[in-house]
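Structural overview
Each chain, written out:
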Amino acid sequence: MTLLSSSSISTAIGSLKMCFYGAGSIAEAMVRGLLDRGLTEPGQISMMNRQNAARMEELTSRYGVNTSSLEAEKSVMLQEADIVFLMMKPKDAAEAILQVRDLLHPGQLIISVIAGMTIRTLETLLGKPMAIVRTMPNTSSTIGLGATGVSFSASVTGNQRDLAETMFQAVGLTAVVEEQLLEVVTGLSGSGPAYVYYLMEAMIAAGSELGLTEEAARELTVQTVLGAAHMVKATGENPADLRRKVTSPNGTTQAAIEKLDANHFSQAVISAITRAAERAAEMGAEIERKATS
């Protein structure tokens, strides 16, 4: 098999028909990213959901993509697609896949953004051998700064891998991992934005309690977090090294870090990420039981 070059991959993506089953914020982010990067044209994209016609009209108006609320037309969209994105909510996924699986065929690439649903469960629901890409993006994808974990079924070709990675790189960065590590990705970056928001909540509250206006506390917090993230990325240095550089002996930062250490800050974060990863695995097991019962 000949692997495609980067330019050939971009050209190939533009020639493929894509169908998004599920039209939430991540689906919209993907469409916007693909279009903004010039990887495809609106006419190559179709989007569908179970019953929200107003949402379909909104997406057609905003992006010029193909949508429909008619079952016959949705069936054609699925049948004719080269790439099918499964982006429905986990609680609805098994039922929805069973309803449409006869419309899907082995020549298609299936990309799943269904939290917790394993490749094995998806293969069981589809009832036929298909190339499957399982992904775990996060909500920052909606502004093009997402982090997406990606895993592949054994039947995914090298070119299909490159296609999938290139498409998700349109909304941020990608990390290819073994499937069993996607739960760790879920705990770290999938749920990760919420941890940062939680920290920011506390910083804003502290600033306000100590006398700043809420607006000033918010602006200072946002800029501080933004600047710190950019410092890590721009310098390439380890966060621990950057922390040590701004921690003067017996200074204010050292006093604050000592207080965080006294409250087991690092261990609390590690425990939180571990629990999120465990919960992702539990959800996957629940989905598998329901899908195969």
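Read on for an overview of the structure.

Definitions and limits used
- Residues numbered from 1 in each chain as written.
- Predicted model: local features only at pLDDT ≥ 70, side-chain atom pairs only at ≥ 80, totals over all residues.
- Heavy atoms only, no water.
- Salt bridge = Lys/Arg side-chain N within 4 Å of Asp/Glu carboxyl O.
- Helix = DSSP H or I, 4+ residues; strand = E, 2+ residues; numbered from the N terminus.
- Buried < 20%, exposed > 50% of the residue type's maximum accessible area, 1.4 Å probe, protein only.
- Expected span 1.5 Å × (residues − 1).
- Arc of directions from axis to C-beta.
- Contact = heavy atoms within 4.5 Å.

Under the definition given, this model contains 19 salt bridges. For lysine 17, the salt bridge goes to glutamate 80, with nearest N and O atoms at 3.7 Å. Remark: glutamate 80 occurs in helix H4 (residues 71-80) and lysine 17 occurs in the loop between helix H1 (6-15) and strand S1 (18-21); sequence separation between them is 63 residues. Since its relative accessible area comes to 38%, lysine 17 is described here as partly exposed. The closest approach of N and O atoms between glutamate 58 and arginine 55, which form a salt bridge, is 3.1 Å. Residue glutamate 58 and its partner arginine 55 are both found in helix H3 (residues 53-63); the two are separated by three residues, about one turn of the helix. Classification of glutamate 58 by relative accessible area gives partly exposed; the value is 31%.

This next bit is on helix H9 (residues 192-209). Taking 1.5 Å per residue as the helical rise, H9 with its 18 residues ought to reach 26 Å, and the 26 Å between its terminal C-alpha atoms agrees with that figure. All of the buried residues along H9 are Gly192, Pro193, Met200, Ile204 and Gly207. Along the axis of H9, the buried residues cluster in a sector spanning 110 degrees; they form a single face. Structural note: H9 exposes Tyr198, Glu201 and Glu209 on the side pointing more than 90 degrees away from its buried face. Those residues of H9 that are buried are in contact with helix H8 (182-190) and helix H10 (214-235). Of the residues trailing H9, glycine 211 is marked for its positive phi of about 120 degrees.

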